[in-house]
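Below are the chains, spelled out letter by letter.
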Amino acid sequence: MRTPFIVGNWKMNLNKANAATLVQDIITGLHTSIHEVEVGLCPPFPYLERISKLLEGSPIVLGAQDGHWAEHGAYTGEVAMPMLVDVGCRYVIIGHSERRQHSGETDFIVAKKIAAALEAGLRVILCVGETEEQRDQGVMEDIVAGQLQGALVECFPDDMASIILAYEPIWAIGTGKTASSEQAQEVHEFLRAWLSRRFGDATAETVRIQYGGSVKPGNIRSLITMPDIDGALVGGASLTAEAFLQIVHQSAG
Ligand code: PEP
């Protein structure tokens, strides 16, 4: 039984004051147990420490939107994985398509970041997904399999206990176009079959695979009831407590 995992990715949004208000509203409105649904928030770096304090005593876990592969050193502007742990993060998003697109992140870098995150004791949300063009060309499976192969090249079955996958079709991120639950399920099933071949059936059965791409209160239920969809990575709809809480509560049970 895989507990659904709903994570809000705030991206580069909000300011210090409204980030704190949003967290407080989410904590106040949350009425599920950690056994029904696990909830996480990924604020921008400057707000992590403050939000970590606000989350103390709540079941919500803190994550970061990225982290660097080096443990420390001369990497101006970067944030190391142990620093994320230091400010209270329990996990980190790696390989988001926006980082692949705007920051030149390759599968090689993604693999190095995964190794650094695991070494630091963080759990990883590894994002994969195809463009609309790739889907139209019928190479979607090759693309996501290639991303998995590149990212998980150094990983062993035991590492998969700390890795969550997020299938995020790029054409559905922030566009309002959602993959239908059937389209998403088809890819999630493909990803799980890939994990089975690479790490064995038992491991593949335990790995959670989130869906991401314009998830909203109106579509979460049909997505979460699919057999291989184990949660959601939520961008835009995580910026208001009401929408995010509706997504969380509809994912429970
Ligand atoms: C995301 O950023 O991971 C995402 C899925 O964004 P949105 O929900 O806004 O499409």
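Everything below is about the structure shown above.
Residues numbered from 1 in each chain as written. Predicted model: local features only at pLDDT ≥ 70, side-chain atom pairs only at ≥ 80, totals over all residues. Heavy atoms only, no water.

A. A look at the side chain of glutamine 185. Structurally, the position occupied by glutamine 185 is in helix H8 (residues 181-199). Beyond its immediate sequence surroundings of up to four residues, glutamine 185 is in contact with Met226, Pro227, Asp228 and Ile229. (Helix = DSSP H or I, 4+ residues; strand = E, 2+ residues; numbered from the N terminus. Contact = heavy atoms within 4.5 Å.)

B. Just the site of the ligand, in detail. The environment of the ligand is made up of 14 residues, and the closest members are Lys11, Glu168, Gly174, Ser214 and Gly235. Within the contact set of the ligand, an oxygen atom lies 2.6 Å away from a side-chain nitrogen or oxygen of glutamate 168. The class makeup of the residues in the shell around the ligand is four nonpolar, eight polar and two charged. (Near = heavy atom within 4 Å. Polar contact = N/O pair within 3.5 Å; in protein donor to acceptor, adjacent residues only side chain to side chain. Nonpolar A, V, L, I, M, F, W, Y, C, P; charged D, E, K, R; others polar.)

C. Summary view of the pattern of salt bridges. Taken as a whole and assessed by the stated rule, the structure comprises 16 salt bridges. Salt-bridge contacts for lysine 11 lead to glutamate 98; the nearest nitrogen and oxygen are separated by 2.8 Å. Here the residue lysine 11 occupies a position in the loop between strand E1 (5-9) and helix H1 (16-29), and glutamate 98 occupies one in helix H4 (residues 97-102), the gap between them amounting to 87 residues. Taking the shortest distance from any N to any O, the salt bridge between lysine 113 and aspartate 66 comes out at 2.8 Å. You can see lysine 113 sitting in helix H5 (residues 107-120) and its partner aspartate 66 sitting in the loop between strand E3 (61-64) and helix H3 (81-86), a full 47 residues away along the chain. Both residues of the pair, lysine 113 and aspartate 66, belong to the buried class. (Salt bridge = Lys/Arg side-chain N within 4 Å of Asp/Glu carboxyl O. Buried < 20%, exposed > 50% of the residue type's maximum accessible area, 1.4 Å probe, protein only.)

D. Region of interest: unusual backbone geometry. Phi angles above zero are rare outside glycine, and leucine 14 is one such case at about 75°. Mapping leucine 14 onto the fold places it in the loop between E1 and H1. You can call leucine 14 partly exposed: its relative accessible area is 28%. Unlike most non-glycine residues, serine 214 shows phi in positive territory, near 55°.

E. Region of interest: the environment of isoleucine 51. Its place among the elements puts isoleucine 51 in helix H2 (residues 48-55). C-alpha separation for the pair isoleucine 51 and histidine 188, spaced 137 residues apart in sequence, amounts to 32 Å.

F. Broad picture of the nonpolar core. The biggest cluster of nonpolar side chains holds 72 residues, and the ones touching the most others in it are Ile114, Leu126, Leu152, Leu191 and Leu195. If you tally residues by element for this core, the top one is H8, at seven residues. With residues up to four places along the chain from it excluded, the contact list for leucine 191 reads Val128, Val144, Leu148, Leu165, Tyr167 and Ile209. Membership of the second largest hydrophobic core comes to eleven residues, among which are Tyr91, Ile93, Ala166 and Leu233. (Core = buried A, V, L, I, M, F, W, Y, C linked by side-chain atoms within 4.5 Å.)

G. Here's a closer look at the pairing of E3. Judged by which residues are buried, E3 turns out to be covered on both faces: Val61 and Gly63 on one side and Leu62 and Ala64 on the other are all buried. Where strand E2 (residues 38-42) lies against E3, two bridges are found, and the strand directions are parallel. Of the residues in E3, the one forming a bridge with glycine 40 is valine 61. As for the winding sense of the linkage, the β-α-β connection from E2 through H2 to E3 is right-handed. Relative to strand E4 (residues 91-94), E3 runs parallel, the two being bridged by two bridges. Opposite glycine 63, over in E4, you have tyrosine 91 as the bridge partner. The handedness of the E3 to E4 crossover, carried by H3, is right-handed. (Pairing = 2+ DSSP bridges. Right-handed = clockwise from strand over helix to strand, strands pointing away.)

H. The arrangement of the pairing of E1 in detail. Within E1, five of the five residues are buried, which leaves it mostly tucked inside the rest of the structure. Side chains Phe5, Val7 and Asn9 of E1 all project onto a buried face; the interleaved residues Ile6 and Gly8 project onto the opposite face, where all are buried too. As judged from the five bridges shared by E1 and E2, these two strands associate in the parallel manner. Residue pairing in the sheet places isoleucine 6 in a bridge with valine 39 of E2. Note on the crossover from E1 through H1 to E2: the handedness is right-handed. In terms of strand pairing, E1 meets strand E8 (residues 231-234) through four bridges, oriented parallel. Bridge assignment links phenylalanine 5 to a residue of E8, and that residue is glycine 231.

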